[in-house]
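Structural overview for review
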Amino acid sequence: MIRRLAAAVLLLGLCLSAGARVPLHALALSAVEGQTTQWQFNDDDEKPPTLVETLKSQWVDIAVFAGFTVLALVSFFRKDKKLKYVTLAACVVLLGFWKSQLITIVNIFGLITLDLPIFRYSAAWYVLAIFTVVSTVLWGRLYCGRMCAFGALTQLMDATLPASWRREPPLWLERRASFIKYGILAGAILYFLVTRDRFIFRYIEPFWMFGLHGNVVMWSMLAALLVATVFVRNVYCRFLCPVGAALGVLSQVTTVFSIKRWKECSTCKICEKACEWGAIQGPKIVKSECVRCDDCERLYADQKKCPHWIILLKDVKKRGDLAPSGGTA
């Protein structure tokens, strides 16, 4: 009995040692090809989780994305500057450093090849992606102005750093430089179609920084970009971002609810000077460049600064002054 037990243990040891010498990829290939061993179990014994069970396991992510979406919409509709910066700070923390989840050029590659994340395992990402598309169709580049963690970071930098440090490029250069991002988008798509290499994103997008994964070249490029942002506000979003370019094309042709303009906007330059994105050109708002930052809309509503209201108030007072004399005639 003891000899049989010893032989069984010896046989088991030989089997385990032989298995240890088999490469892992060979074991995986064997399993795929259906070559069974005495250690494999019937696949029917393990039932895959249902869709509901899979979604329940992601409830924290889904709640974070849904909750932040509500916050972004509330801050957008209220046009409150303090609430806007609260939203931007929350974006950096939640969607940036905590979840490291942004819309990226890789998603555009996936859309081209119909290779998007599996819904049941990426429900939170679909909340963000669907909101991005729908909000862009309705209002323009709302995602860029409210829900992109890197864009939020640069806006917070701009609000924190002294205004005297900024150096605005000449108007002619700014308008021409805004086309660079479209060239980057086209070049990245062409490169991907030829090579199928998705990792080009590391050198044309800084979003990887929130996951703290990068090599020396990537960190050096990021440092240079952030230094440039100190002096030229939102430099990446305005001139270099391929995702912003893609959303800009979509918003240019689909925006349903555009920013209203007064007739006085054809001569007034207050909003054009205040726009941090170079999206206002005379009486025209360039939809592809506008990120719905609310600055001009708050000026529109300011009855002490906007000429529309000042002129309107003067007309009202003038009519009030003339009414008594007109009534006695």
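Heads up: the structure comes first, above all this text.
What counts and what doesn't
Residues numbered from 1 in each chain as written. Predicted model: local features only at pLDDT ≥ 70, side-chain atom pairs only at ≥ 80, totals over all residues. Heavy atoms only, no water. Helix = DSSP H or I, 4+ residues; strand = E, 2+ residues; numbered from the N terminus. Buried < 20%, exposed > 50% of the residue type's maximum accessible area, 1.4 Å probe, protein only. Contact = heavy atoms within 4.5 Å. Areas by Shrake-Rupley, 256 points an atom, 1.4 Å probe, with all protein chains shown as cover. Core = buried A, V, L, I, M, F, W, Y, C linked by side-chain atoms within 4.5 Å. Polar contact = N/O pair within 3.5 Å; in protein donor to acceptor, adjacent residues only side chain to side chain. Salt bridge = Lys/Arg side-chain N within 4 Å of Asp/Glu carboxyl O. Axes fitted to C-alpha atoms, helices over the stretch in contact; angles between N-to-C directions. Parallel < 35°, antiparallel > 145°, perpendicular 65-115°, else oblique. Left-handed = near helix turned anticlockwise from the far one by under 90°. Nonpolar A, V, L, I, M, F, W, Y, C, P; charged D, E, K, R; others polar. 1 Å grid on protein atoms, 1.4 Å probe; cavity = no way out; pocket = protein on both sides within 12 Å on 5 of 7 lines; lining within 4 Å. Points joined across faces, edges and corners; volume = space filled by probe spheres on them. Phe/Tyr/Trp six-rings, centres within 6.5 Å; stacked < 30°, edge-to-face > 60°.

This brings us to the overall build of the chain. Helix and strand content of the chain: 18 helices and two strands. Out of the 329 residues belonging to the chain, those deemed buried represent 37%. Nonlocal contacts in the chain, meaning residues at least 24 apart in sequence, comprise 74% of its contacts between residues at least 6 apart. Summing over all exposed atoms, the chain offers an accessible surface of approximately 19,600 Å²; the carbon and sulfur share of this is 69%.

As a further point, take unusual backbone geometry. Of note, S100 is a non-glycine position whose phi angle comes to about 50°, a positive value. Position of S100 relative to the elements: it lies in the loop between α5 (81–98) and α6 (105–112). Unusually for a residue other than glycine, R196 sits at a positive phi of about 60°. Tracing the sequence through the fold places R196 in the loop between α11 (180–195) and α12 (201–204).

A few words now on the nonpolar core. Core analysis: the biggest nonpolar cluster contains 61 residues, and Y143, M147, F150 and Y300 have the highest contact counts within it. The element contributing the most residues to this core is helix α7 (residues 123–139), with seven residues. Not counting residues within four places of it along the chain, the set of residues in contact with F150 comprises L102, P206, F207, M209, F210, L222, L225, L226 and Y236. Core analysis: the next-biggest nonpolar cluster, separate from the first, contains eight residues, I105, I108, F192 and I204 among them.

On to the side chain of T255, then. Mapped onto the secondary structure, T255 falls in the loop between α15 (242–254) and α16 (270–274). T255 sits in the buried class, given a relative accessible area of 12%. A distance of 2.6 Å separates the side chain of T255 from the backbone oxygen of S251, its partner in a polar contact. Among residues more than four places away in sequence, those in contact with T255 are T136, V137, L138, W139, G140 and K287.

Moving on, we come to the pattern of salt bridges. In this structure the tally under the stated criterion is 15 salt bridges. Between K79 and D294 there is a salt bridge whose closest N-O contact spans 3.4 Å. Remark: D294 occurs in the loop between β2 (284–285) and α17 (295–301) and K79 occurs in the loop between α4 (59–78) and α5; sequence separation between them is 215 residues. With relative accessibility at 1%, the residue D294 sits in the buried group. Here R238 makes a salt bridge to E168, at a shortest N to O gap of 3.7 Å. Of the two residues, R238 sits in helix α14 (residues 235–239) while E168 sits in the loop between α9 (149–160) and α10 (171–177), which places them 70 residues apart along the sequence. Overall, R238 belongs to the buried group, its relative accessible area being 2%.

Moving on, we come to the packing of α6 against α11. Between two packed helices, what matters for the description is the angle formed by their axes and the separation of those axes. Look at α6 against α11: their axes get within 11 Å of each other, and the N-to-C directions meet at 55°. Here α6 lies oblique to α11, going by the angle between them. Viewed along their axes, α6 and α11 form a crossing whose handedness is right-handed. Between α6, through I105, I108, F109 and I112, and α11, the contact on the second element is made entirely by L185, A188, I189, F192 and L193. Broken down by class, the residue content of the contact of α6 with α11 amounts to nine nonpolar, no polar and no charged.

Moving on, we get to the layout of surface pockets. Estimates place the volume of the largest pocket at around 440 Å³. Forming the walls of the largest pocket are 18 residues, and the residues nearest its centre are I103, I108, L111, V133 and L247. Mapped by element, the contributors of at least two residues to the lining of the largest pocket are α6, α7 and α15. The residue inventory of the lining of the largest pocket, partitioned by class, reads 16 nonpolar, two polar and no charged.

Another aspect to go through is empty space enclosed by the protein. Across all of its chains, the model carries four cavities of 30 Å³ or more by this definition. Here the largest cavity defines a volume of roughly 110 Å³. Taken together, 15 residues form the lining of the largest cavity, with C265, C268, I270, C271 and Y300 sitting closest to its centre. Of the residues in the lining of the largest cavity, the class split is nine nonpolar, one polar and five charged. In this structure, the second largest cavity spans a volume of roughly 90 Å³. Broken down by element, the residue count for the lining of the second largest cavity peaks at three residues, all from α17. Residue composition of the lining of the second largest cavity, grouped by class: 10 nonpolar, no polar and four charged.

This paragraph deals with α6. What α6 keeps buried is the set I105, N107, I108, F109 and G110. Residues of α6 that are buried in the fold lie against α7, α11, α12 and α15. One or two residues past the end of α6 sits L114, with phi positive at roughly 55°.

The full count for this structure, using the stated rule, is 14 aromatic pairs. Both rings, one in F109 and one in F192, keep their centres 4.4 Å apart while their planes meet at 5°; by these two values the pair is stacked. Linking F109 in helix α6 with F192 in helix α11, this pair joins segments that are 83 residues apart in sequence. This pair shows no difference in class: F109 is buried, exactly as F192 is.

Read these as geometric descriptors, not functional statements.
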